[in-house]
Amino acid sequence: MKKISVLIPLILILAVLFCSCSVAEESFIEPFWNNYEKFSYNVYEGETKKGTMTSEVKKVYSESVVFETGKTVEEASGSLLTYNLILDNGDYVKSKVLLKTNFEPVYSERYFKRGETETVSYCSYENNYCNYTITENGNTVSDRIKIKSLYCDNEIIYLMVRAARLENSDFSSITFNTADIKAGELKKLICTKSSTVDIVNGYNDTAKCITVLISVSGEKGTPLYAYYSSEEIDANGVKVLKAPVQIKEGNYTYTLCGIEATA
């Protein structure tokens, strides 16, 4: 993996990787979450708080889903992920992805600002292609990438890892193929289960978590670390499974400080 010194998550799995990934086995993933879940995090660089982020997942049932780009998906069923990172210096990442019930993405959009650079990208998935458009500081590029069966949008890597049944002792890893839209090639993203650790956080003090290392096959660099609760967490009477308690990306750490859920 390219060295991860990236400031903002979901840029993190290489800023050029906007579009797709595929999984080896459909039976290995499942949308076990509640009808609505929202996770809030404090963002730290070392010991210094730098901002906040939220991640929301909502199940949709034959609904119309409207995106900021103007795209409307009618009669959508599956899950909708909305992600917002706001840093104190004004940088941000905002994204939304619609998934079918079988985890195949339908459409995604992403808004990113880092310093003077502002980028808008969106992907539409049709006929085994990811059709994408990227506009950066007024310059627009559109193209498409051939994708394999069983794929997911790159904005939901952490959601897909959460959905994988890595808590089961029979499974130790899952591999995704992800499209590098600048290089025009697929790369393998390997997600490997590691030790169980206690993670101190701002929501329930300490959570026992499964550690998952995320790296790109054949490339050097520091992996990403994601920590998912191995025990149920209570959110005002609603049971939340495999809550993402903490994420580490280089010098940056995203630590859980709140959960909202509706069964």
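As the structure is a computational prediction, the values presented were derived from the model and not from experiment. (Residues numbered from 1 in each chain as written. Predicted model: local features only at pLDDT ≥ 70, side-chain atom pairs only at ≥ 80, totals over all residues. Heavy atoms only, no water.)

Caption draft 1: Layout of the overall build of the chain. Scanning the chain from N- to C-terminus turns up one helix and 18 strands. Out of the 263 residues belonging to the chain, those deemed buried represent 51%. For the chain, the share of sequence-separated contacts (at least 6 apart) that also reach a separation of at least 24 residues comes to 52%. (Helix = DSSP H or I, 4+ residues; strand = E, 2+ residues; numbered from the N terminus. Buried < 20%, exposed > 50% of the residue type's maximum accessible area, 1.4 Å probe, protein only. Contact = heavy atoms within 4.5 Å.)

Caption draft 2: Expanded view of the packing of aromatic side chains. Taken as a whole, this structure holds four aromatic pairs when the rule is applied. Aromatic side chains Trp 33 and Phe 103 sit 6.0 Å apart centroid to centroid with 80 degrees between the ring planes, which places their arrangement in the edge-to-face category. Here Trp 33, found in the loop between strand 1 (20–23) and strand 2 (36–45), pairs with Phe 103, found in the loop between strand 5 (92–100) and strand 6 (105–114); they are 70 residues apart in sequence, far enough to count as distant. Across this residue pair, the class does not change: Trp 33 and Phe 103 are buried. (Phe/Tyr/Trp six-rings, centres within 6.5 Å; stacked < 30°, edge-to-face > 60°.)

Caption draft 3: Local environment of the pattern of salt bridges. Per the counting criterion, the structure on display carries eight salt bridges. Between Glu 37 and Arg 162 there is a salt bridge, and its shortest N-O distance comes to 2.9 Å. Taken together, the positions of Glu 37 in strand 2 and Arg 162 in helix 1 (residues 157–163) put the pair 125 residues apart, joining distant regions of the chain. The residues Glu 37 and Arg 162 share a single accessibility class, namely buried. Notably, a salt bridge pairs Lys 100 with Glu 104, separated by 3.8 Å at the nearest N-O pair. (Salt bridge = Lys/Arg side-chain N within 4 Å of Asp/Glu carboxyl O.)

Caption draft 4: Summary view of the nonpolar core. Counting residues in hydrophobic clusters, the biggest one holds 53 residues, and the most contacted among them are Met 53, Leu 85, Val 161, Val 212, Ile 214, Tyr 254 and Ile 259. In this view, Val 161 contacts Leu 166, Phe 176, Cys 191, Val 212, Ile 214 and Tyr 228; residues no more than four positions away in its chain are not counted. (Core = buried A, V, L, I, M, F, W, Y, C linked by side-chain atoms within 4.5 Å.)

Caption draft 5: The arrangement of the environment of Ile 147 in detail. Within the secondary structure, Ile 147 is located in the loop between strand 9 (139–146) and strand 10 (151–153). Its relative accessible area of 5% is what places Ile 147 among the buried residues.

Caption draft 6: Focus on the pairing of strand 2. Alignment of strand 2 against strand 3 (residues 48–66), held across 10 bridges, turns out to be antiparallel. Bridge pairing in strand 3 links Tyr 41 to Met 53. In this structure, the hairpin formed by strand 2 and strand 3 is closed by a connection of two residues, where Gly 46 is found at a positive phi of approximately 65 degrees. Where strand 2 meets strand 18 (residues 252–262), 10 bridges bridge the pair, whose relative direction is antiparallel. Each residue of the ladder has a partner; that of Tyr 36, found in strand 18, is Thr 262. (Pairing = 2+ DSSP bridges.)

Caption draft 7: Quick peek at the side chain of Ser 79. With respect to the helices and strands, the residue Ser 79 is situated in strand 4 (residues 72–87). One polar contact links Ser 79 to Trp 33, side chain to side chain, over a distance of 3.2 Å. Those residues in contact with Ser 79 that lie beyond four places of it in its chain are Trp 33, Val 57, Lys 58, Lys 59, Val 60, Val 97, Leu 98 and Leu 99. (Polar contact = N/O pair within 3.5 Å; in protein donor to acceptor, adjacent residues only side chain to side chain.)

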